[in-house]
Amino acid sequence: AVPPALEDEKILVSVEVCMKPSSTTREEDLRSAVERMLENRSLSYRDGPIPVPSDDPFLLENIKRIQICDSDEWEQNHKVLLFWQVKPVVHVYQLSEEGPGEELSGDGVLASFNEWMLPAKEFDGLWESLVYETGLKQRLLRYAASALLFTERGVDPCLVSWNRIILLHGPPGTGKTSLCKALAQKLSIRFKSRFSQCQLVEVNAHSLFSKWFSESGKLVAKLFQKIQEMVEEESSLVFVLIDEVESLAAARKAALSGSEPSDSIRVVNALLTQMDRLKSWPNVIILTTSNITTAIDIAFVDRADIKAYVGPPAVQARYEILRSCVQELVRTRVVTPPQENENIVLPSYGLLRETMGASVSPEVGGSADPISKLLLQVAEECKGLSGRSLRKLPFLAHAALTSPYCDIIKFLHALEETARREI
Ligand code: ADP
């Protein structure tokens, strides 16, 4: 029996329900159906997919995937929650398959921004694929969620001030841009009931200032006019991603020293003014990234509420990134597992560490053991490689092989060798 009077103590867990592209059912109906299904399901909760019940034709017809994607912390602290401890919060969404809308400037030159309707097919799974050890993803999600809640409740910004600017900085290839996109995607799913439409506009500051300089002024004006139109729609949530913001500061400096046309300073200033203006809209979140880790001298960056440093992955993250790569190659049978272990599941870092400490290892079954240990060894050697390089490593290792298919041990040795070469 369910212990009574635990309603208040229940832990909220987000359950994300991705509809099939073909589904035309109302999201509302699907949500109630999933809520009913969860009520009847006396199973524990853990991060990851929940199977769609095979005896429910309505759910089977309309749902592509049900997933619990909550916190790293939730995973770390509890690992498993019993069903009566949990209050599921169900979010139903359908991915937009439109692809990025590219803006062409008048003469057919590719402009410096892209836009997507969210949640977009391109970013599906991106959030889950990014591995950080410090609870960074959760912090960003909670921050943005609080900002949107304040907006929703109409908190007076003169009394309590908060803004909606996030800056991620750190070395190149550490996943900053991807994290911004993934965050926007995640929020568009979680806030579906409040904002019926979500858009992401990506501006590459560097390309804005390096090419077609005389066009830049016009581009900025056009871009912000467009964004302005989007935010005026109250039910829209708009994410503006400005990549490589440091190039704004560089452009300004160059203009002051006379090495760039003086237009550039006007363009930078126009952009900053526009950004300032945008900030006052409650339904905008501005996401910025910078590859420079020292101070960036730009007005709006000072006002960023969250400035998070995103560094190169530590050994745990390196192991997890490589694990997901190898697992994918096994899934697609490019890499073959040992015969007695057709569906090899490599253990998570935490589990591996635990079982390596203990003398008996029930979870890391016999033949998996040397494999995951070897993988850990490779991860340890990859010190200093960025997440981006790590995700490329398995491909490079494969390209160095003499035959297109190989067994996992041989592959891991090749991976190790490639890593050494890359470093
Ligand atoms: P940045 O903007 O910091 O230069 P990107 O967002 O362009 O980095 O990252 C490129 C790719 O590298 C990502 O799409 C992802 O596949 C991979 N990557 C980088 N860091 C990580 C990480 N911490 N975990 C998983 N993948 C990562």
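See the structure printed just above.
Counting of residues starts from 1 at the beginning of each chain's written sequence and follows it residue by residue. Note on the predicted model: pLDDT of at least 70 is required for a residue's local features to be given, and 80 or more for side-chain atom pairs to be given and counted; whole-chain, interface and lining totals, by contrast, use all residues.

1. Description of the packing of helix α15 (residues 387-399) against helix α16 (residues 408-422)
Applicable threshold: What counts as an axis is a line fitted to C-alpha atoms, over the stretch in contact for a helix, and the angles between N-to-C directions run from 0 to 180 degrees. Strands here mean DSSP runs of E at least two residues long; helices mean DSSP runs of H or I at least four residues long; both are numbered from the N terminus. Roughly parallel covers angles under 35 degrees, roughly antiparallel covers those over 145, roughly perpendicular covers 65 to 115, and oblique covers all other angles. The handedness criterion is simple: a crossing whose near helix is rotated anticlockwise from the far helix by less than a right angle is left-handed, and one whose near helix is rotated clockwise is right-handed. Working definition of a contact: two residues with C-beta atoms, positioned from the backbone, lying within 7 Å. For this classification, the nonpolar set comprises Ala, Val, Leu, Ile, Met, Phe, Trp, Tyr, Cys and Pro, the charged set comprises Asp, Glu, Lys and Arg, and every other residue, Gly included, is treated as polar.
The contact between α15 and α16 brings their axes to 9 Å, and the two run at 120 degrees. In terms of orientation, α15 lies oblique with respect to α16. Classified by chirality, the crossing of α16 by α15 is right-handed. Facing α15, whose interface residues are S389, L393, P394, L396 and A397, α16 presents F411, A414, L415, T418, A419 and E422. Partitioning the contact of α15 with α16 into residue classes produces eight nonpolar, two polar and one charged.

2. Some points on α16
Each α-helix turn comprises 3.6 residues. Residues three or four places apart therefore point the same way. Where we set the bar: The span expected for a helix works out to 1.5 Å for each residue beyond the first. Any residue whose C-beta has 12 or fewer other C-beta atoms within 10 Å is treated as exposed, any with 20 or more as buried, and any in between as partly exposed, C-beta atoms being built from the backbone. Our arc is simply the arc of the directions from the helix axis toward the C-beta atoms.
Between the first and last C-alpha of α16 there are 21 Å, a value that for 15 residues agrees with the 21 Å anticipated at 1.5 Å per step. Of all the positions in α16, only I408, F411, L412, A414, L415, T418 and A419 are classed as buried. Around the axis of α16, the buried residues are gathered within 160 degrees of arc, so they sit on the same side. Among the exposed residues of α16, those oriented more than 90 degrees off its buried face are R420 and R421.

3. Here we look at the site of the ligand
The test is simple: Near, for a residue, is defined by distance from a backbone-placed C-beta atom to a molecule or strand, with 6 Å as the limit that must not be exceeded.
By nearness alone, 18 residues border the ligand, and G175, T177, S178, G387 and R388 come closest of all. Sorting the residues of the shell around the ligand by element identifies α6 (176-190), α12 (315-331) and α15 as the ones contributing at least two each. Within the shell around the ligand, the residues separate by chemical class into seven nonpolar, eight polar and three charged.

4. Quick word on the sheet that holds strand β1 (residues 11-19)
Note the following rule: At least two bridges found by DSSP between two strands are what make those strands a pair.
Taken in spatial order, the four strands line up as β2-β3-β1-β4 in an open sheet, and their pairing is mixed. Edge positions in the sheet fall to β2 (48-50) and β4 (86-93), since each has one partner strand and no second. Sheet twist, expressed as the mean angle between neighbouring strand axes with direction ignored, is 30 degrees. Note: β1 against strand β3 (residues 63-68), five bridges, orientation antiparallel. The residue bridging C18 from the neighbouring strand is R65, located in β3. Across the sheet, helix α1 (residues 27-39) touches β1, β3 and β4, and the angle it forms with β4 is around 150 degrees.

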